Amino acid sequence: MTHTGSQPLVAPNLFEVCKVLTLAILTLVDVILDALGAAIPPLRAPLAGLSDFLFGGFVVTVLTWLIAMTVMLLWATLFNLLTVMWMERKFYSRLQDRYGIMVSIWSLPFWPFNRRDRPTHKGTGYLQNVADGVKLLQKENLTPASADAAMFHISPVLIASSTLMIFVALPWSSGFYVARLEFGLLFVLAAFSLAPLGILIAGWSANNKYTLVGGLRAAAMLMAYAIPMILAVIALTFSTGTLNLFEIVEQQERALFTIGPLSIPAWYLFGPQILGFVVFTVAIVAEMERIPFDIPEAEAELVEGWTTEYSGMRFGIVFGFKWLRMIAGAALIVILYLGGWNGPVFVNLDLGGVLVPILPEEVYFLAKVWILCLFFIWLSWSIPRIRIDQILQIGWKRLVPYALLAILIGAAARVVGL
Amino acid sequence: MPEFWINMGPQHPMTHGLWNMRVKVDGETIVDAEPEIGYLHRGYEKIMEVREFQKNVVLTDRLCYVSSITWSHAYCLAVEKMMGIEVPERGQWIRVLSLELQRVASHLMWLASYGPDLGLLTGLLWALRERELFLDLLQLLTGMRMNQNFPRVGGVRNDVPENFDAMCRRSVGYFLGKLDGYERIFHDSKVFLMRTQGVGKISAADAIDWGVTGPNLRACGINVDLRRLDPYEVYEEVDFEPQVWKGTDGGDSYARFICRFNELRESCRIILEVVEKMPTTGAYRIRQPRRAEGEGFAHTEDSRGEALFYVAGDGDDRPYRVKIRSPVFSTMAATPLLLRGNKLADVVAILGSVDVCVGEMDK
């Protein structure tokens, strides 16, 4: 069967796309330098030397990396984070039979938007999270008097940076990535497990009983859920034979079987890995601290858990990054078990031999990630929170044995050749 | 980690009002607990001594603003017994109707706050949405959504509005259909059962010793309902079943939840029955004497347990002494018993299930 997969929009990869941008910037700089050299003759020679240095490989590469990382950062936070937060707030509001957030561009106080004939609070609410961020920026940043100030201030940085680290290795399509790592899966899981350390530090350093209990709960949960997660990944590697996220997705590109125009893709979900999928999903929900498992910040008994003492934008960071972790976790599940950026319908427009994607890979990937996020949101607003001892029991007594069983099944399937 | 005390209150998301639950924890396990009240003390019994009999109804409404009519009714009943007057039959029927409407509204408020206690915020919004139905009915009947000032010494303030029985039937019928949705979100949820079953257990003997009453005692499997044991108003003529936990393993949060939840259905049944049987004509209030002497004592089945009023008069137009027995106050004394040995997260699940109302507890 011929390869009919859709194409990435960012082709061939993010680095090459950003290189065009870098070269454009450098050309602009070069024009300015030329003009400067023409205006001031004594400077012509050193400026020409500077220009040669700028167009040398080193500066172009470093600058392109910086731009690529910035693009990924903005893509993850400004677009995905805001959208998923908006989706959550709007979705659970409708679940609870109310309108939810409504601040939109029509709510802005200045002229072109705020017109008398338009109601200011009947928008879609997309700008509500921006408004909340601006509000948090204006608030005072308090440090408790008896807190360990250095640790207290370091932990949001640790949480934020470790979460953003995930996106270095996390591809959004076969072209939209920052770094193509040979052991990308290992890197992502390692970065994922760093944040509970920051939570523990935050809980302990604030010198507050609520935060302390919350931080220790996070540590206990890390132990109980990181292990089944890794075990499920081990089970998966029996099928994939690699820890490279790109190769794992490529393996899921073929069709399992075809009925007429419809072809069922060979996702790892359909096969011996289904048990591993269940274990991995439950463990990821626990890792991202959403409601059935959000005991580190159980607001019913611990006020706001380990985030209690944070205020201002520091609170915004530790609170908002939960959604970023949710996006990363959902993306990881999609890559490992749900076929990554392979869609069930492969639509390319053939323009004289050039395949133009009508539905590029990024669209499929984003759709899967967002639908999975919606599933997690739906879950967390429909069931109560589980107690700490029950969570640890689920982790140790259910997930670990199931993960071991999944390894056994994975190995057996490998031997049989499934 | 050494044992340490954690203050759950007076300002804490768990507290349904201004009070403090101090718990001593060893890691996550509760070794001791200590309820602290007094943050909301308003000196009710003393204030009532300087106000005339009728004016006190306004105060008793605010004992528990979630369940105002049941409280002002208990007060009116005590004063009527002291004065030796009898409410006309139609007035008694209207009282039963308003009491049951208020009971449903109060239980829905409990259900609403029990959801977030377990981390289920959706339950809050849903139950409050349904509570609107009954607040609307109460508004039609009394003119107010809360603090209705409806029962009067000698009857009720006003007659039922026109076509009220049809409105009751429509709202209650709609609500009974909605209750099935709640069963799906609560009863059928494995997580909910995990959080409530076997948690916060108290034996029937302990519950009686500590003065626990109402739905919390019925959850221990003991059939006590003052509407049946010591019927007041026209409850004798109403056909209903007190909701008692049937099994042997009662007394936990789940049993309390089930008993209260079933009371929602039972109260709806009473409402439908009352609008059926209520006489359409007759007086709903008699004139009360201005001054009275003697003692009056009334205990009624409040939404949270046994509400008791003792009123003594010395021939003046205001009570000489008033004594209020709040069911939540007694239940609070038993909470260390409920809490010990459970986990920290269960504090909320247990205290939510006993339905705390700080207004009446801290009278």
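Everything below is about the structure printed above this text.
Residues numbered from 1 in each chain as written. Chains lettered and ligands numbered in written order. Predicted model: local features only at pLDDT ≥ 70, side-chain atom pairs only at ≥ 80, totals over all residues.

1. Topic: the overall build of chain B
Reasoning step 1: Counting its regular elements, chain B contains 15 helices and 8 strands.
Reasoning step 2: Relative to the compact-globule value of 21 Å for 363 residues, chain B shows a C-alpha radius of gyration of 20 Å, a close match.
Reasoning step 3: If one aligns the C-alpha atoms of chain B with their principal axes, the spans along those axes are about 65 × 45 × 35 Å.
Reasoning step 4: Looking at chain B alone, contacts between residues at least 24 apart form 72% of all its contacts between residues at least 6 apart. (Helix = DSSP H or I, 4+ residues; strand = E, 2+ residues; numbered from the N terminus. Rg over C-alpha atoms; globule rule 2.2 N^0.38 Å. Contact = placed C-beta atoms within 7 Å.)

2. What about the overall build of chain A?
Reasoning step 1: Within chain A, the regular secondary structure consists of 14 helices and 4 strands.
Reasoning step 2: Expressed along its principal axes, the backbone C-alpha trace of chain A runs to roughly 75 × 65 × 50 Å.
Reasoning step 3: Taking all 418 residues of chain A together, 42% fall into the buried category.
Reasoning step 4: In chain A, once contacts between residues fewer than 6 apart in sequence are set aside, the share between residues at least 24 apart is 74%. (Buried ≥ 20, exposed ≤ 12 C-beta atoms within 10 Å, placed from the backbone.)

3. Considering the interface of chain A and chain B
Reasoning step 1: Opposite the 24 residues of chain A that make contact, chain B presents 29 residues.
Reasoning step 2: Put simply, the parts of the chain that give the side of chain A that touches chain B at least two residues each are α8 (209-240), α11 (299-302) and α14 (388-416) of chain A.

4. A look at the environment of Thr211 of chain A
Residue and element names in this part refer to chain A.
Reasoning step 1: Inspection of the secondary structure assignment puts Thr211 in helix α8.
Reasoning step 2: Take Thr211: there are 29 C-beta atoms within 10 Å of it, and that puts it in the buried class.
Reasoning step 3: Spatially, the C-alpha atoms of Thr211 and Leu231 are 30 Å apart, while their sequence positions differ by 20 residues.
Reasoning step 4: Sequence-distant contacts of Thr211, defined by excluding residues within four places in its chain, comprise Ala202, Gly203, Ala206, Gly305, Trp306, Thr308 and Glu309.

5. Some details on the pairing of strand β6 (residues 293-302) of chain B
All names here are of chain B.
Reasoning step 1: Where β6 and strand β7 (residues 305-314) come together, 10 bridges link them in antiparallel fashion. From the neighbouring strand, Glu301 faces β7, where its bridge partner is Glu306.
Reasoning step 2: Turn length for the β6-β7 hairpin, with the two strands adjacent in sequence and antiparallel, is 2 residues. (Pairing = 2+ DSSP bridges.)

6. Remarks on the nonpolar core
Reasoning step 1: Counting residues in hydrophobic clusters, the biggest one holds 204 residues, and the most contacted among them are Ala232, Ala283, Ile327, Ala330 and Ile333 of chain A together with Val347 of chain B.
Reasoning step 2: It is α8 of chain A that provides the largest number of residues to this core, a total of 17 residues.
Reasoning step 3: Ignoring any residue separated from it by four or fewer positions in sequence, one finds Ala232 of chain A in contact with Gly276, Val279, Phe280, Ala283, Ala403 and Ala406 of chain A. (Core = buried A, V, L, I, M, F, W, Y, C linked by C-beta atoms within 7 Å.)

7. Regarding the packing of helix α1 (residues 14-39) of chain A against helix α3 (residues 57-95) of chain A
All names here are of chain A.
Reasoning step 1: Interaxial distance between α1 and α3 falls to 8 Å at its minimum, and their mutual angle equals 120°. For α1 against α3, the interelement crossing comes out right-handed. When α1 is examined against α3, the residues Leu14, Phe15, Cys18, Lys19, Leu21, Thr22 and Leu26 are found in contact with a partner set consisting of Val60, Leu63, Thr64, Ile67, Ala68 and Val71.
Reasoning step 2: Its residues assigned to classes, the contact of α1 with α3 shows 10 nonpolar, 2 polar and 1 charged. (Axes fitted to C-alpha atoms, helices over the stretch in contact; angles between N-to-C directions. Left-handed = near helix turned anticlockwise from the far one by under 90°. Nonpolar A, V, L, I, M, F, W, Y, C, P; charged D, E, K, R; others polar.)

8. Here we look at the sheet that holds strand β2 (residues 20-26) of chain B
Residues and elements named next belong to chain B.
Reasoning step 1: Strands sit in the order β1-β2-β3 across an open sheet of 3 strands; the sheet is antiparallel. On the outer flanks of this sheet lie β1 (4-8) and β3 (29-36), each paired with one strand and no other. Averaged over all neighbouring strand pairs, the angle between strand axes comes to 25°, with direction disregarded.
Reasoning step 2: Where β1 meets β2, 5 bridges bridge the pair, whose relative direction is antiparallel. Within β2, the residue paired with Asn7 across the bridge is Arg22.

9. Comments concerning the sheet that holds strand β8 (residues 319-325) of chain B
Residue and element names in this part refer to chain B.
Reasoning step 1: Pairing in this open sheet of 3 strands is antiparallel, and the strands run β6-β7-β8 from one edge to the other. Each of the sheet's edge strands pairs with one partner strand only, and the pair in question is β6 and β8. Along the sheet, successive strands turn relative to each other by an average axial angle of 10°, direction set aside.
Reasoning step 2: In this structure, β7 lies alongside β8, joined through 6 bridges in antiparallel fashion. Its bridge partner being in β8, Val311 is matched across the sheet by Val322.
Reasoning step 3: This element, helix α3 (residues 68-83), spans β6 and β7 of the sheet and lies at about 150° to β6.

10. Section: the environment of Asn149 of chain B
Residues and elements named next belong to chain B.
Reasoning step 1: Considering the arrangement of structural elements, one finds Asn149 in the loop between α5 (121-142) and β4 (151-152).
Reasoning step 2: Owing to 19 C-beta atoms within 10 Å, Asn149 belongs among the partly exposed residues under this scheme.
Reasoning step 3: Apart from the residues within four sequence positions on either side, Asn149 is in contact with Val57, Val58 and Asp61.

Structural measurements only, silent on function.
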